Amino acid sequence: MNNHFKLAVNTSIYDGYDLGTVFSSIKKCGFNYFELAYNQGYVGNLNQDLFSKEHADYINQLKNKYKLDTFALGCTMDLSTDNLYDIFSPRLIFANLIGAKYINVCTTKLENKSKLISNLKSLKPLLEDNDCVLCLENGGDYNFNAFIDFNDGFEILKELDSEVYSINFDPGNMVTYNQNLDVIEQSLLAIKYCQHFHIKDVIVEDEKFKFLPIGKGIINYKEIIRQLGENSIPCSLEIPLRIYRELDSTPKRLPNKVDLDVIEKTLIESKQYINSIV
């Protein structure tokens, strides 16, 4: 892989597994970076203790043990919620402790956009103090439709007017929310304003959106990946195999965790596809 192409594994693919197993598997599959997925509604056992100093110390021990590193943290929640500053403060301190600069978050419902902007502006001192960039991600379901296409994200960035805010674009999310948008064109527009990027592929099967290895779905990633490499934008493979979305974009979580062999095969195939391009 091109040395300028930094590719992490988003841990949502391992939903249900302990972190020792997760980190060991990521290394086994040939990756050097991880992105912890601490996203409300998309993974199990999400609680405030995950953002403690004790847990950060544990993550750093695992990093050293498995010779892994991180540059991003997934922290999606409704950003229009009350007391966002207090809720987000431990998340950003935790991110700083484990070395994650890019904080990837979806937004909120469109009707709450004004509260979203106000809340995001309140986070600016926290982001600066913890050397973090908040990367707004286009929503994959109707709970986060304040940012669906590139122009939505661009308009929010203009209102925030600070380098501590950026975009984390996700083509797979765009497909599951609105298949009529030109996901390639939108992705290439967004790359110019991204500091992080989620690589996710999707297919429609059995009247559902399902996630699968990159290059096996309906998104032609070739030019997107070339542009990501040329612009040295760090990326994560976000392939939440335990999640599917209904055709109206409603996310559903399967009751049982995905077999580890299936996870590893998915990651290795995705890495091989990307390597063939960069």
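Scroll up for the structure.
Below, the structure is looked at part by part. None of the values given here were measured: they were computed from a predicted structure. (Residues numbered from 1 in each chain as written. Predicted model: local features only at pLDDT ≥ 70, side-chain atom pairs only at ≥ 80, totals over all residues. Heavy atoms only, no water.)

## Quick word on the overall build of the chain
Going by this rule: Secondary structure counts use DSSP, requiring at least four H or I residues in a row for a helix and at least two E residues in a row for a strand, with both numbered from the N terminus. In this description the radius of gyration comes from C-alpha coordinates, and the expected globular size is given by 2.2 Å times residues to the power 0.38. Only protein chains enter the calculation, and the probe is 1.4 Å; a residue is then buried if its accessible area is under 20% of its type maximum, exposed if over 50%, and partly exposed in between.
When you go through the chain residue by residue, the secondary structure sums to ten helices and twelve strands. Taken against the 2.2 N^0.38 rule, which gives 19 Å for 278 residues, the C-alpha radius of gyration of the chain at 17 Å falls within 12% of a compact globule. Expressed as lengths along the three principal axes of its C-alpha atoms, the size of the chain is roughly 45 × 45 × 40 Å. By the burial criterion, 55% of the 278 residues in the chain qualify as buried.

## Regarding the pairing of strand β3 (residues 69–74)
The test is simple: Two strands form a pair only when DSSP identifies at least two bridges running between them.
The element β3 is largely enclosed, with a buried count of five among its six residues. Strand direction decides the pairing type here: strand β2 (residues 33–37) and β3, joined by five bridges, are parallel. Bridge assignment links Ala37 to a residue of β3, and that residue is Gly74.

## Structural notes on unusual backbone geometry
Excluding glycine, residues mostly carry a negative phi; peptide bonds, for their part, are mostly trans. A positive phi is found at Lys67, a non-glycine position, where the angle reads about 55°. When you line up the elements, Lys67 lands in the loop between α2 (53–66) and β3. Its relative accessible area of 64% is what places Lys67 among the exposed residues. Positive phi is not limited to glycine here, since Ser232 has a value of about 50°. Mapped onto the elements of the fold, Ser232 is located in the loop between α9 (222–230) and β10 (235–237).

## Things to note about the sheet that holds strand β8 (residues 201–205)
The line we're drawing: Note on geometry: axes are C-alpha line fits, over the in-contact stretch for helices, and angles between N-to-C directions span 0 to 180 degrees.
The antiparallel open sheet is built from four strands, whose spatial order is β8-β9-β11-β12. At either margin of the open sheet sits one strand with a lone partner, and together these are β8 and β12 (251–253). Taking the axes of each pair of neighbouring strands and ignoring which way they run, one obtains an average angle of 35° across the sheet. For strand β11 (residues 243–246) and β12, the ladder comprises three bridges, and the chain directions are antiparallel. When the bridges of β12 are listed, Arg245 appears paired with Pro251.

## Let's talk about the side chain of Asn104
Keep this limit in mind: Side-chain atoms alone can form a polar contact between residues adjacent in sequence; in general such a contact is a pair of N or O atoms within 3.5 Å, and within protein one must be able to donate a hydrogen while the other accepts it. In what follows, residue pairs with any heavy atoms lying within 4.5 Å of each other are defined as contacts.
Topologically, Asn104 is positioned in strand β4 (residues 102–105). Among the polar contacts listed, one links the side chain of Asn104 to the side chain of Glu35, at a separation of 2.9 Å. Excluding residues within four positions of it along the chain, Asn104 makes contact with Glu35, Ala72, Leu73, Gly74, Cys75, Thr76, Cys135, Glu137, Asn168, His196 and His198.

## So, the packing of aromatic side chains
The cut-off we apply is this: Stacked, tilted and edge-to-face pairs are distinguished by plane angle, under 30 degrees for stacked and over 60 for edge-to-face with tilted covering the rest, among Phe, Tyr and Trp rings (Trp via its six-membered ring) whose centres lie within 6.5 Å.
Applying the stated criterion to the full structure yields nine aromatic pairs. Ring geometry for Phe23 versus Phe34: centroids 4.5 Å apart, planes at 40°, classification tilted. Here Phe34 lies in strand β2 and Phe23 lies in helix α1 (residues 19–28), a separation of eleven residues in the sequence. Note on Phe23: relative accessible area 0%, which makes it buried. Take Phe34: its relative accessible area is 0%, and that puts it in the buried class. Plain terms: the ring middles of Phe51 and Phe94 are 5.8 Å apart, the flat faces sit at 90° to each other, and that makes the pair edge-to-face. Placement of Phe51 in the loop between β2 and α2 and of Phe94 in helix α3 (residues 84–98) is noted, with a sequence separation of 43 residues between them.

## Brief notes about the pattern of salt bridges
Condition: Here a salt bridge means any side-chain nitrogen of Lys or Arg lying within 4 Å of a carboxyl oxygen belonging to Asp or Glu.
Under the criterion given, the structure shown has 15 salt bridges. Among the ionic pairs, Lys210 bridges to Asp206, the shortest N-O distance being 3.2 Å. Of the residues examined, Lys210 reaches a relative accessible area of 26% and is grouped as partly exposed. Judged by its relative accessible area of 54%, Asp206 is exposed. A salt bridge links Arg226 to Glu223; the nearest nitrogen and oxygen atoms lie 3.3 Å apart. Taken together, the residues Arg226 and Glu223, both in helix α9 and three residues apart, mark about one turn of the helix. For Arg226, a relative accessible area of 39% translates into the label partly exposed. Residue classification places Glu223 among the partly exposed positions, given a relative accessible area of 31%.

## A closer look at the nonpolar core
Within soluble globular proteins, side chains that are nonpolar generally end up buried alongside one another. For the record, the criterion: Put simply, buried Ala, Val, Leu, Ile, Met, Phe, Trp, Tyr and Cys residues joined by side-chain atoms within 4.5 Å make one nonpolar core.
One finds Phe88, Phe197 and Ile199 to be the most contacted residues of the largest nonpolar core, which totals 83 residues. Setting aside its immediate chain neighbours within four residues, Phe197 contacts Asn168, Phe169, Pro171, Ser187, Ile191, Tyr221, Ile224, Leu228, Ile233, Pro234, Cys235 and Ser236. Residues Ala8, Phe71, Tyr102 and Val133 belong to the second largest nonpolar core, which totals six residues.

## With respect to the packing of α1 against α2
We count it as follows: Definitions for this section: a left-handed crossing has its near helix turned counterclockwise from the far helix by less than a right angle. A right-handed crossing has that turn clockwise. Nonpolar residues are Ala, Val, Leu, Ile, Met, Phe, Trp, Tyr, Cys and Pro. Charged residues are Asp, Glu, Lys and Arg, and all others, Gly as well, are polar.
Close contact between α1 and α2 brings their axes to 10 Å; oriented N to C, the two are set at 35°. In terms of crossing hand, the pair formed by α1 and α2 is right-handed. Contacts from Leu19, Gly20, Phe23, Ser24 and Lys27 of α1 reach α2 at His55, Tyr58, Ile59, Leu62, Lys63 and Tyr66. In terms of residue class, the contact of α1 with α2 is built from six nonpolar, three polar and two charged.

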